[in-house]
Amino acid sequence: DFTLSYGQTKTVKLKLNDANSENTIGTYTGTLEVMSGTKLETKTVTVNVQQAAHNLVLEPSTIKLGDSSQDRNVTKTLTLSLRNSGHFTESGVINLTGIAAKYLATLSQTSFSGLAPGQTLNIVLTIFIPKDQESCTQNIGKVSVATNNQSFIRDVQVETASKLEI
């Protein structure tokens, strides 16, 4: 029980008595009663309970450095965004694999912890594009993200200008 004055608000937590540990997913309907002076207001309340999920999203979905006019013998950076669109706080690792040493590839960080639902972590990928880089778009390795509950891998691509002259 509590009393509110005009213009005041209060957050109230709702406990679902019908929800049990075996069947919490579903739609629950109940009645909310509010007493205002001697007047009783009754409202129907519907709560939809969904399955909680682990869901990290890495953007951009295509990891590509350079374009069709990209010179060689330069360093390029790309900011990757790791967004937690799930329901749990996440911790994990971010790795580069299969990338040749000539690319001098680095990530601004290789682990994360405490990434809460709704939060985004920005990670800078740095790649050196060597003089001997072939023309065209080429997969040079992979970025992987892993937690205890989820993992995924993305190709890392480099694109450079064609040196062909006719």
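All of these numbers come straight from a predicted model, not from anything done at the bench.

Conventions and cut-offs
Residues numbered from 1 in each chain as written. Predicted model: local features only at pLDDT ≥ 70, side-chain atom pairs only at ≥ 80, totals over all residues. Heavy atoms only, no water. Salt bridge = Lys/Arg side-chain N within 4 Å of Asp/Glu carboxyl O. Buried < 20%, exposed > 50% of the residue type's maximum accessible area, 1.4 Å probe, protein only. Helix = DSSP H or I, 4+ residues; strand = E, 2+ residues; numbered from the N terminus. Pairing = 2+ DSSP bridges. Axes fitted to C-alpha atoms, helices over the stretch in contact; angles between N-to-C directions.

Q: For this particular structure, what's the right way to read the pattern of salt bridges?
A: Charged atoms that come close allow side chains of opposite charge to pair. Under the definition given, this model contains five salt bridges. With its nearest N and O atoms 3.0 Å apart, the salt bridge here joins Glu41 to Lys39. The exposure class of Glu41 is partly exposed, given its relative accessible area of 31%. For Lys64, the salt bridge is made with Glu159, and the minimal N-O distance between the two is 2.6 Å. On the criterion of sequence distance, the pair formed by Lys64 in strand 4 (residues 63–66) and Glu159 in strand 11 (residues 151–160) is long-range, its members being 95 residues apart.

Q: I'm lost on the sheet that holds strand 9 (residues 120–129) in this one. Help?
A: Strand order in the open sheet made by the four strands is 3-5-9-7, with antiparallel pairing throughout. At either end of the open sheet lies a strand with only one pairing partner, and these are strand 3 (56–59) and strand 7 (106–107). Sheet topology places strand 3 next to strand 5 (residues 74–84); four bridges connect them, and they run antiparallel. In the strand pairing of strand 5, Glu59 is matched with Ser81.

Q: Where do I start with the sheet that holds strand 8 (residues 111–115) in this structure?
A: The strands that make up a sheet are held in pairs by hydrogen bonds between backbone atoms, and each pair lies either parallel or antiparallel. Read across the open sheet, the five strands follow the order 4-11-10-6-8; overall the sheet is mixed. Two strands close off the open sheet at either side, each with one partner strand: strand 4 and strand 8. Mean inter-strand twist for the sheet, computed between neighbouring axes without regard to direction, equals 25°. Where strand 4 meets strand 11, four bridges bridge the pair, whose relative direction is parallel. Each bridged residue has a counterpart across the sheet, and for Ile63 the counterpart in strand 11 is Val156.

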